[in-house]
Amino acid sequence: DFDRFKVVNDSLGHLIGDQLIIKISERVKKCIRSGDTLTRLGGDEFVVLMDDINNVEDSIRIAERIQKEISNSFKLAGQDVFITASIGITVNSHKSEKPEDLIRDADTAMYRAKSLGKARYEIFQEDMHQRAVHILNLEGDLRQAIEKKELYLNYQPIVSIKDGHLTGMEALIRWHHPQRGLVSPSDFIPLAEETGMILNIGEWVIRTALNQCKEWREAGYPQHLAINFSAKQFQYKGLINFLKETIQATKADALTLEIEITESVAMQDVDFSVQTLRELQKLGFQISIDDFGTGYSSLGCLQILPLNSLKIDRCFVQNLLDNQGNATITKTIIMMAHNLGFKVIAEGVETKEQLDFLRQNRCDEAQGFLICKPLPADEIFAFIKHHQNKLI
Ligand code: C2E
Ligand code: CA
Ligand code: CA
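So, here's what we can say about the structure.

Thresholds, definitions, all that
- Residues numbered from 1 in each chain as written.
- Chains lettered and ligands numbered in written order.
- Predicted model: local features only at pLDDT ≥ 70, side-chain atom pairs only at ≥ 80, totals over all residues.
- Heavy atoms only, no water.
- Axes fitted to C-alpha atoms, helices over the stretch in contact; angles between N-to-C directions.
- Helix = DSSP H or I, 4+ residues; strand = E, 2+ residues; numbered from the N terminus.
- Parallel < 35°, antiparallel > 145°, perpendicular 65-115°, else oblique.
- Contact = heavy atoms within 4.5 Å.
- Near = heavy atom within 4 Å.
- Polar contact = N/O pair within 3.5 Å; in protein donor to acceptor, adjacent residues only side chain to side chain.
- Areas by Shrake-Rupley, 256 points an atom, 1.4 Å probe, with all protein chains shown as cover.
- Nonpolar A, V, L, I, M, F, W, Y, C, P; charged D, E, K, R; others polar.
- Donors = N, O, S within 2.8 Å, 3.2 Å for Na, K, Ca; no water.
- Buried < 20%, exposed > 50% of the residue type's maximum accessible area, 1.4 Å probe, protein only.
- Core = buried A, V, L, I, M, F, W, Y, C linked by side-chain atoms within 4.5 Å.
- Phe/Tyr/Trp six-rings, centres within 6.5 Å; stacked < 30°, edge-to-face > 60°.
- Lys NZ or Arg CZ within 6 Å of the ring centre and 35° of its normal.
- Expected span 1.5 Å × (residues − 1).
- Salt bridge = Lys/Arg side-chain N within 4 Å of Asp/Glu carboxyl O.

Observations concerning the packing of helix α1 (residues 5-12) against helix α2 (residues 14-31)
For the pair α1 and α2, interaxial distance at closest approach is 7 Å and the crossing angle is 140 degrees. When the axis of α1 is compared with that of α2, the two are oblique. The segment α1 lies against α2, with F5, V8, N9 and L12 engaging H14, I16, G17, L20, I21 and I24.

Brief notes about the site of ligand 1
Near ligand 1 there are 24 residues, and of these R174, D290, R314, E350 and F369 occur at the shortest range. R314 has a polar side-chain atom sitting 2.7 Å from an oxygen atom of ligand 1. The contact in question runs from a nitrogen atom of ligand 1 to an N or O atom on the side chain of E350, over 2.5 Å. Contact with the protein chains hides 83% of the accessible area of ligand 1, taken as 800 Å² for the molecule alone. The greatest single-element share of the shell around ligand 1, amounting to four residues, is contributed by strand β8 (residues 166-177). A per-class count over the shell around ligand 1 returns nine nonpolar, eight polar and seven charged.

Examining the coordination of the calcium ion (ligand 2)
The protein atoms that coordinate the calcium ion (ligand 2) are E170 (OE), N228 (OD1), E260 (OE) and D290 (OD), at distances of 2.1 to 2.3 Å. For the calcium ion (ligand 2), the single-chain donor residues occur in sequence as E-x57-N-x31-E-x29-D. The class for E170 is buried, based on a relative accessible area of 4%.

Description of the coordination of the calcium ion (ligand 3)
Only D290 (OD), D291 (OD), E347 (OE) and E347 (OE) from the protein reach the calcium ion (ligand 3) as donors, at distances of 2.1 to 2.5 Å. For the calcium ion (ligand 3), the single-chain donor residues occur in sequence as D-D-x55-E. In this structure, the calcium ion (ligand 3) lies 3.9 Å from the calcium ion (ligand 2), and both are coordinated by D290. According to the relative accessible area criterion, D290 is buried, its value standing at 7%. When its relative accessible area of 25% is taken as the criterion, D291 is described as partly exposed.

Concerning the packing of helix α4 (residues 99-115) against helix α5 (residues 126-145)
Two numbers describe how α4 lies on α5: the axes approach to 10 Å, and their chain directions differ by 85 degrees. When the interaxial angle is binned, α4 and α5 end up roughly perpendicular. Only M128, H129 and A132 of α5 make contact with α4, whose side of the interface consists of R104, D105, T108, A109 and R112. Per-class residue counts for the contact of α4 with α5 are three nonpolar, two polar and three charged.

What about the nonpolar core?
Within the largest apolar cluster, 84 residues are counted, with the highest numbers of intra-cluster contacts made by Y155, I227, I261, L280, L307 and L310. In terms of residues, this core owes the most to one element, helix α7 (residues 198-218), which gives nine residues. Ignoring sequence-local partners within four residues, the contact set of L310 consists of I289, F292, I333, M336, A337, F342, K343, V344 and I345. V8, V28, I60 and I89 belong to the second largest nonpolar core, which has 24 residues in total.

Focus on the packing of aromatic side chains
Within the structure shown, the criterion is met by four aromatic pairs. Ring geometry for F2 and F46: centres 5.7 Å apart, planes at 90 degrees, overall edge-to-face. Of this pair, F2 sits in the segment before α1 while F46 is found in strand β2 (residues 45-49), placing the two residues 44 residues apart along the sequence. Accessibility assignment for this pair places F2 and F46 in one class, buried. Ring geometry for Y155 and W216: centres 5.0 Å apart, planes at 75 degrees, overall edge-to-face. Here Y155 is found in strand β7 (residues 151-160), whereas its partner W216 is found in helix α7, with 61 residues between them in sequence. Cation over ring: R27 sits above F74, and NZ or CZ is 3.7 Å from the ring centre. We note K373 situated over the ring of F369; from NZ or CZ to the ring centre the distance is 4.9 Å.

Things to note about α4
Between the first and last C-alpha of α4 there are 25 Å, a value that for 17 residues agrees with the 24 Å anticipated at 1.5 Å per step. Every buried residue belonging to α4 is among L102, D105, T108, A109, M110, A113 and K114, and all of these are buried. Its buried side turned inward, α4 meets β2, β5 (87-89), β6 (121-123) and α5. One or two steps after α4, the chain reaches G117, where phi turns positive at roughly 120 degrees.

Remarks on the pattern of salt bridges
Throughout the structure, instances matching the rule amount to 18 salt bridges. Of the charged contacts, one joins E203 and R207 as a salt bridge, the two residues approaching to 4.0 Å between their closest N and O atoms. Placement of both E203 and R207 in helix α7 is noted, with a separation of four residues, approximately one turn of the helix. Classification of R207 as partly exposed rests on a relative accessible area of 36%. For R359, the salt bridge is made with D356, and the minimal N-O distance between the two is 3.1 Å. Of this pair, R359 and D356 both sit in helix α15 (residues 352-360), three residues apart, roughly one helical turn. Taken together, the shared-partner salt bridges connect E170, E260, K311 and E347 into one network.

Next up, the structure:
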């Protein structure tokens, strides 16, 4: 499968795209032996079938030859067009596999090559198939998870480092799978993002969080709640309207909600981010940049984004005391954030020493296992009551 073929089609037109396909096939033909079969499955996807090869090295050699052959530019409409290929290889080692299974396995390996960065080849391995089946099953299950009430939110307290009082909480999603047990959001959120299911899940999170906020406020605990947004959610055109409707329907107060987006999401399209964040702030939401320090922020952009706080990623906090570099980065982030007028929250605080360091360097708030693990709503409510709001 050729990489970024769509770009050629979109920029130079389909006629040129067709010519490129023809030229590509001519070059690939040069790489194979006379008895081999070259076929185009559709679009920019080709299959090479090689009979009588002795080992996988033979097929690797062909794959490398194809990549080298197409690496020279193609002259089309007076322009030099460059293209690369992602190649999946499978060997019929049992001599008993069905043709369609072979194509499926080559396809799986090709997708693996794509996901590992394109312009490369991958050899099919049995665990790839198992992984593909696993993801497919997980995806099917996740589609029903909301309906089956398998999702719930955990809450983790965030405290003021200065006086130890609770300032808010972060809502963290959990999926209790009937067979697999607890599935980590790090495993299913990317899947939900890839398949678009994140929009439904995100809506469920927002609705649940707003209802929870309202319940806590009615019980006399005015809660400031942070929720996580993934890239697709943030870019979703209907986001603002959905939020307006949900605030009305739940009679909740947006003032108590904070939205966390990661640095890379915010920096993807800065003009879009500025506009969307402004609209969110107009609705009353606070905006926080999550996992700060792990992405690539342009300082100039950081200054024009309407933000309220930065969350220092836990990878810096966790090695604060035995890594001089991380200590320097943490100090610098705190100073810079304050100069730009943002609040700073440290994530993943696990030890008293880390907390002391953060206090000395005037970090505003902290969150982490030292204070409290993420817990279900009733448990967190009991925990806060027990500590009478003063958690450290
Ligand atoms: P995150 O937003 O950076 O959330 C913080 C993660 O750090 C959470 O992992 C939390 O349980 C963990 N954590 C908190 N304190 C400590 C600590 O002291 N030490 C260590 N080692 N870890 C700590 P979790 O709950 O597994 O969530 C993982 C990620 O999944 C989140 O990272 C967030 O990016 C995503 N996520 C969670 N809930 C949602 C959601 O509702 N929507 C979206 N879009 N993403 C979510
Ligand atoms: Ca977060
Ligand atoms: Ca984070």
